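A look at the structure
The chain contents come next:
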Amino acid sequence: MNLKDLIFYFKLTILFNIFNSILSKGILDYSHDINSELQIQAGALSSIKGIIPFSYEKLKICDTKKITKAEDTLGEILTGEKTFSTQYSARTGNDSYCETLCYNQFDEESLNLIITLIKRNYFINWYIDKLPAGLLQFDVNTKISNIDYFTGIPLGYMTNDQYYIYNHLQFHILINEISKKKFNIVGFNILPMSINHNGDTPLCSKEAKNLLNNFNIQPQPLTQGQILFTYDVIFEKSNNTFALRWDHYKTSNTKIHWIGIFLSESIIFGLTLLIIIILVKNINTEIDLYNTQIINFEFVDYYTWKELSGDVFRAPLKNPMLLSAIIGNGFQLFCMLTITLCLGSFGFSNPEKRANLLNIGIIFFCIMGLPGGFISTKIYQFFKGKFWLLNALLTSVIFPGTLFFGYFFVNIFLALERSSAAVNLSDIISLFVLWIFCTFPLILIGSFLGIKSKAIAAPCKTNAVPSFVPSKPWYLHYKFMTFVTGFISFGTFFIELSYVMGALWKHQIYFLATFLWVSLFLFLIICAEISIIVIFWNLCYGDYNWWWKSFLIGASPVIYFVIFSIYYFFTLQVRRLSAMVVYFGIMGLISAMALFICGSISVLFTFIFVKFTYSRIKIN
């Protein structure tokens with residue numbers, strides 16, 4: 001395969017992912033005729049304690065056959081959401097009891113594997129019509145049932161140092177009648193049971209009225225040898241409509257969540273108004289007074305920040321190219337995240353194919369290399385940099401390279417665990433080629449457009465000799481301000497972040513993409529506004545070295561994000577080294593992305609503010 005073929009292949013891949021993402025919006029026909037065959041699917045094995053997902057195929061329970069959905073999109077490959085069809089047979093409207101699935105032979109290796117998975121609290125994610133199964137729990141004594149929609153179905157349990165396997169599954173399928181012979185599946189629950197059949201004859205009840213007798217049969221211990229697997233299929237009519245079938249999975253969004261979001265947004269909105277009123281009023285008053293004094297030759301040394309007009313637009317003393325590259329990558333990530341969440345709020349984050357948001361994110365990360373390269377070059381051009389091509393190369397490497405090699409490192413541990421989320425070498429090469437032949441050229445094109453466009457002009461002429469930077473109070477030191485301002489910014493996003501973390505690591509389904517998009521947008525405004533206030537305060541004390549300080553102040557919430565990530569890790573009760581590496585590796589990459597976005601947006605907003613402010617001063 002030559003270079004042209006590779007480029008053509010990845011162009012087709014991008015177009016296919018876009019087309020597939022659009023189709024996944026949910027306009028699919030899931031209606032079933034009476035007596036039509038239903039496909040019960042088994043997804044990945046997941047655990048809060050284990051973190052690392054495993055494929056259902058790994059269990060070697062009966063025979064499984066792969067379906068094409070397993071590797072439809074790049075997002076599903078990266079998240080390990082591989083789904084397998086099973087031999088469980090179900091026909092719409094036809095109840096069946098004590099059906100034989102298979103006789104499975106367990107050797108020592110497979111037995112130890114299942115015991116290990118039970119120890120780590122792994123659950124199987126079952127699906128029918130893309131709807132995940134809820135865990136049906138029934139108390140024989142009280143006759144009270146309860147459904148857990150967020151954990152999946154356990155493999156077995158342990159009691160008195162003996163492990164038992166759930167070898168009998170009772171499928172409860174809720175259907176809504178849309179016509180006399182057409183149904184929609186609006187609910188799917190599974191009651192797992194352990195039944196020791198003692199040979200080839202199933203001991204479970206074959207009649208609906210005697211199902212409670214199944215609880216009186218001795219459970220099936222996990223031992224080497226042959227174990228019989230059986231199942232029931234029970235259809236129940238429901239008044240729940242097809243459009244509302246996901247409502248059961250939204251119960252985590254309680255009133256506390258809504259109240260917390262409302263309070264968070266109110267604080268952000270109020271603080272925004274306060275900052276605008278105070279800052280604009282004070283600056284306008286001081287500028288008018290200063291301009292009057294300049295005209296009347298009545299210069300007053302108190303207004304120090306206005307004396308910095310000859311130094312405030314000076315390029316950073318350290319690593320100006322690095323800063324411009326980071327700003328370009330941060331803007332690229334900001335555009336990608338904004339578009340992705342915006343599409344998610346319009347329904348493209350279909351819970352039936354949750355990997356679609358990752359697909360969209362990858363696509364737009366590549367596309368947004370164009371504005372990212374443009375912004376990077378414009379900032380570097382403002383710094384009077386002469387090596388724009390080298391700056392473009394750095395922009396195309398610094399974050400994409402960190403992301404690629406960071407994920408490659410995490411993938412090594414996923415591969416060692418034989419996780420379903422581990423990608424093979426060909427997929428790694430595909431990601432690398434996507435970076436080199438898509439992201440890289442677009443950043444170069446954006447940089448070329450940036451260097452050819454009109455340069456950003458500073459409103460004040462920069463002095464040939466830098467001015468002396470006087471000392472300032474200790475509480476204005478950027479290290480101290482970073483911790484203080486970071487806590488304020490992080491507090492406005494903490495509630496929404498806790499739900500996002502639950503979706504990432506506790507297998508909860510996150511539905512409120514609109515809230516996340518609005519919260520993130522307002523959070524970035526707070527980061528930028530705090531950066532503006534701190535930098536203006538520093539300018540009042542004569543410190544004109546604001547570029548890197550603005551970045552660090554804006555990115556300061558990442559400190560508390562890392563602290564929160566460490567705290568959250570201990571709530572998961574993870575013990576294995578590989579799972580720890582995967583968790584902190586992924587959270588490290590997310591932290592780096594947050595660092596780039598928050599810091600870059602803060603620098604850009606602060607630059608706009610400083611440029612606008614000094615453009616209004618009359619220079620003598």
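Before going into details, it helps to say that this report is about the structure given with it. (Residues numbered from 1 in each chain as written. Predicted model: local features only at pLDDT ≥ 70, side-chain atom pairs only at ≥ 80, totals over all residues. Heavy atoms only, no water.)

1. Re the overall build of the chain
Just so we agree on the cut-off: Where helices and strands are cited, they refer to DSSP runs of H or I of at least four residues and of E of at least two residues respectively, numbered from the N terminus. Exposed residues in this analysis have more than 50% of their type's maximum accessible area, buried residues have under 20%, and partly exposed residues fall in between, with area computed by a 1.4 Å probe over protein chains only. By definition in these notes, contact holds between two residues if any of their heavy atoms fall within 4.5 Å. Computed with a 1.4 Å probe, the accessible areas rest on the Shrake-Rupley method; for each residue, only the protein chains presented here act as cover.
Within the chain one finds 14 helices and 15 strands. The 620 residues of the chain split such that 52% are buried. Considering only contacts within the chain whose residues lie at least 6 apart along the sequence, 81% involve residues at least 24 apart. By element, 64% of the accessible surface of the chain is carried by carbon and sulfur atoms, the whole surface being about 29700 Å².

2. Considerations on the environment of Asn-463
Tracing the sequence through the fold places Asn-463 in the loop between helix H9 (425-452) and helix H10 (478-505). A relative accessible area of 36% means that Asn-463 is categorised as partly exposed. With 150 residues separating them along the chain, Asn-463 and Phe-313 place their C-alpha atoms 9.7 Å apart. Beyond its immediate stretch of four places on either side in the chain, Asn-463 contacts Gly-310, Asp-311 and Arg-314.

3. Regarding the state of the cysteines
As used here, a disulfide is simply a covalent bond connecting the sulfur atoms of two cysteines. Quick note on the threshold: Defined by distance alone, a disulfide is two cysteine sulfur atoms within 2.5 Å.
Taken as a whole and assessed by the stated rule, the structure comprises one disulfide. Cys-98 shares a disulfide with Cys-204; S-S distance 1.8 Å. Every disulfide takes its handedness from the sign of the S-S torsion; for Cys-98 and Cys-204 that torsion is 85 degrees, giving right-handed. Of this pair, Cys-98 sits in strand S5 (residues 96-106) while Cys-204 sits in the loop between strand S14 (182-193) and strand S15 (225-237), placing them 106 residues apart in sequence. Judged by relative accessible area, which is 2%, Cys-98 ranks as buried. By relative accessible area, which is 5% here, Cys-204 ends up buried. Here Cys-527 stays free of any disulfide, with the sulfur of Cys-598 as its closest cysteine sulfur at 4.4 Å.

4. Quick notes on the pairing of strand S12 (residues 162-165)
The criterion, for reference: Note on pairing: DSSP must find at least two bridges between two strands before they are called paired.
Of the pairings in the sheet, the one linking strand S11 (residues 156-159) to S12 comprises four bridges and is antiparallel in character. Each bridged residue has a counterpart across the sheet, and for Met-158 the counterpart in S12 is Tyr-163. Following S11, the chain reverses through two residues before pairing antiparallel with S12; Asn-160 in that reversal takes a positive phi of roughly 55 degrees.

Bear in mind that shape data such as this cannot, by itself, settle questions of function.
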